[in-house]
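# Coordinates in review
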Amino acid sequence: RGDLRALGYYVEGKYTLTPRLHVSGRWAQMFFSQIDDGLGNDTPWDRDVNRAQVGVGYLFAPNLLGKAEYEFNWQKGHDPDDDLASVSLSLSF
């Protein structure tokens, strides 16, 4: 009945508030194709996903960046248990 397929995209932006501080956001969606459920009916092989992500970054030094982000996930409604918070510190040299 065809190959499994997924289509996804995202749009993101970043705004610099000060030379050391920025905020960012991303919107993403993923759509899944249909498969035969064995009874002759078409059904999605996974749930479509919508995501919104917001974050803030701070440049502590020219080579030390800290970021905090929060991601909201929707699959047939919003479930806070599907959300994700993250904090990172990156050092470049």
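None of these values were measured; they are calculated from a predicted model. (Residues numbered from 1 in each chain as written. Predicted model: local features only at pLDDT ≥ 70, side-chain atom pairs only at ≥ 80, totals over all residues. Heavy atoms only, no water.)

Our next topic: the confidence of the model for the protein chain. One rule of thumb: low pLDDT means the predicted coordinates there are not for detailed reading. In the predicted model, the protein chain carries a mean pLDDT of 90, and 97% of its residues have values of at least 70. When mean pLDDT is compared element by element in the protein chain, strand 7 (residues 84–91) scores highest at 97, while strand 4 (residues 42–44) scores lowest at 79. (pLDDT = per-residue confidence, 0-100. Helix = DSSP H or I, 4+ residues; strand = E, 2+ residues; numbered from the N terminus.)

Bringing the side chain of H22 into the picture now. In this fold, H22 is placed in strand 2 (residues 21–32). For H22, a relative accessible area of 12% puts it in the buried group. Leaving out residues up to four positions away in the same chain, H22 has contacts with K14, Y15, T16, L17, G55, V56, G57 and L65. (Buried < 20%, exposed > 50% of the residue type's maximum accessible area, 1.4 Å probe, protein only. Contact = heavy atoms within 4.5 Å.)

Position of E71 relative to the elements: it lies in strand 6 (residues 64–74). Judged by relative accessible area, E71 falls into the buried class, the value being 17%. Side-chain polar atoms of E71 contact the side chain of N73, separated by 3.2 Å. Contacts of E71, omitting those with residues within four sequence positions, involve R51, A52, Q53, D83 and L84. (Polar contact = N/O pair within 3.5 Å; in protein donor to acceptor, adjacent residues only side chain to side chain.)

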